[in-house]
Structures are given as structure tokens and as C-alpha cells.
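Analysis of the macromolecular model
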Amino acid sequence: MKIKRVNSDNEAQIQNILEQAPQYSKNISGKLPSSTAAKETFNALPPNCSYIQKHILLLVDDDEKNIGLIDLIEGFPERTIAYLGLLLLSESRQGVGLG
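Only a predicted model underlies this, so the values are computations on that prediction, with no experimental measurement involved. (Residues numbered from 1 in each chain as written. Predicted model: local features only at pLDDT ≥ 70, side-chain atom pairs only at ≥ 80, totals over all residues. Heavy atoms only, no water.)

Side note on the overall build of the protein
- Per the secondary structure count, the protein includes three helices and four strands.
- Moving toward the C terminus, one meets the helices and strands of the protein in the order β-α-α-α-β-β-β.
- Taking 2.2 N^0.38 as the reference for a compact globule, 99 residues should give roughly 13 Å; the C-alpha atoms of the protein span a radius of gyration of 13 Å, in line with that estimate.
- Along the three orthogonal principal directions, the C-alpha set of the protein runs to about 35 × 30 × 25 Å.
- For the protein, long-range pairs separated by at least 24 residues make up 44% of all intrachain contacts whose partners lie at least 6 apart in sequence.
- Summed over its atoms, the accessible surface of the protein is roughly 6300 Å², and 50% of this surface lies on carbon and sulfur atoms.
- Averaging the coordinates of the 10 positive side-chain charges in the protein and doing the same for the 12 negative ones gives two points 2 Å apart. (Helix = DSSP H or I, 4+ residues; strand = E, 2+ residues; numbered from the N terminus. Rg over C-alpha atoms; globule rule 2.2 N^0.38 Å. Contact = heavy atoms within 4.5 Å. Areas by Shrake-Rupley, 256 points an atom, 1.4 Å probe, with all protein chains shown as cover. Lys, Arg positive; Asp, Glu negative; His and termini not counted. Charge placed at Lys NZ, Arg CZ, Asp CG, Glu CD.)

Digging into the sheet that holds strand β1 (residues 2-6)
- With antiparallel pairing, four strands are arranged side by side in an open sheet as β1-β2-β3-β4. Each edge of the open sheet is held by one strand with a lone partner, namely β1 and β4 (82-89). Sheet twist, expressed as the average angle between the axes of neighbouring strands with direction ignored, equals 25°.
- Strand direction decides the pairing type here: strand β2 (residues 54-60) and strand β3 (residues 66-74), joined by seven bridges, are antiparallel. Bridging across to β3, Leu59 finds its partner in Gly68. (Pairing = 2+ DSSP bridges. Axes fitted to C-alpha atoms, helices over the stretch in contact; angles between N-to-C directions.)

Quick word on the environment of Glu11
- Along the polypeptide, Glu11 turns up in helix α1 (residues 11-19).
- Residue classification places Glu11 among the partly exposed residues on the basis of a relative accessible area of 30%.
- Between the alpha carbons of Glu11 and Gln94 there is a distance of 22 Å; along the sequence they are 83 residues apart.
- Once residues lying within four places of it in the same chain are set aside, the contact partners of Glu11 are Ala38, Lys39 and Phe42. (Buried < 20%, exposed > 50% of the residue type's maximum accessible area, 1.4 Å probe, protein only.)

Section: the pattern of salt bridges
- Taken as a whole and judged by the stated rule, the model has two salt bridges.
- The partner of Glu64 in a salt bridge is Lys2, and the shortest N-O contact between them spans 2.3 Å. With Glu64 in the loop between β2 and β3 and Lys2 in strand β1, this residue pair connects regions lying 62 residues apart in the sequence. (Salt bridge = Lys/Arg side-chain N within 4 Å of Asp/Glu carboxyl O.)

Remarks on the nonpolar core
- In this structure, Val6, Ile14, Leu18, Leu58, Leu69 and Leu88 are the most contacted members of the largest nonpolar core, which totals 14 residues.
- Core analysis: the second largest hydrophobic core is formed by five residues, Leu57, Leu59, Ile67 and Leu89 among them. (Core = buried A, V, L, I, M, F, W, Y, C linked by side-chain atoms within 4.5 Å.)

Some thoughts on the packing of aromatic side chains
- Using the criterion set out here, one finds one aromatic pair in the structure.
- The interplanar angle of 90° and the centroid separation of 5.5 Å between the aromatic rings of Phe76 and Tyr83 together place this pair among those described as edge-to-face. (Phe/Tyr/Trp six-rings, centres within 6.5 Å; stacked < 30°, edge-to-face > 60°.)

And the structure:
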């Protein structure tokens, strides 16, 4: 598995991962991911943080297929801590020993 840093130019890839894990969205909001879920993921920040601290990472399998995402905030809640906001695998890849 590879980890690849992405930006808002990769919004469609992030949206696809979110749509491949609909149960996560149902558990959080009670509904399927919205058409703007990826944009919301890129824009979500904790208090007093900047976008320079935010890292969205794609998890890519050996066949170059995107299978998950990581949302990480560097330096939150303290300078020496990295906050893992989300670690999400597409549902077809959950429960198969990747975590």
C-alpha cells in the first residue's frame, strides 16, 4: 500500500472514497455522503488551525486503486501532536487486515 498526499485538485478521488464508505456517513450524519462531502473534508479545520497544517492523504493499493483516505492536522491540539481526524477505508477493503 502507498500513501499519496493530495490537494483540492483531487476532490473527485476523495469524493469517490467517501461514496465507497456510505456507512461512515450514515453513522455520522444519518444520511449518505453529499455531493460536496469531499469539499467539506478539505475545508474542515479545528479551531485556531490553518490549511497549512492540514494534510489529506490517499491510501492506494498495489494495483494503483484508491482505497482510503487520511485527514491529518499537524500541530493540533499542541505543536508536537498530529491529530488524526479521519482514517477511512472503502467498505470493500474493511475487515480484510489492512488496519
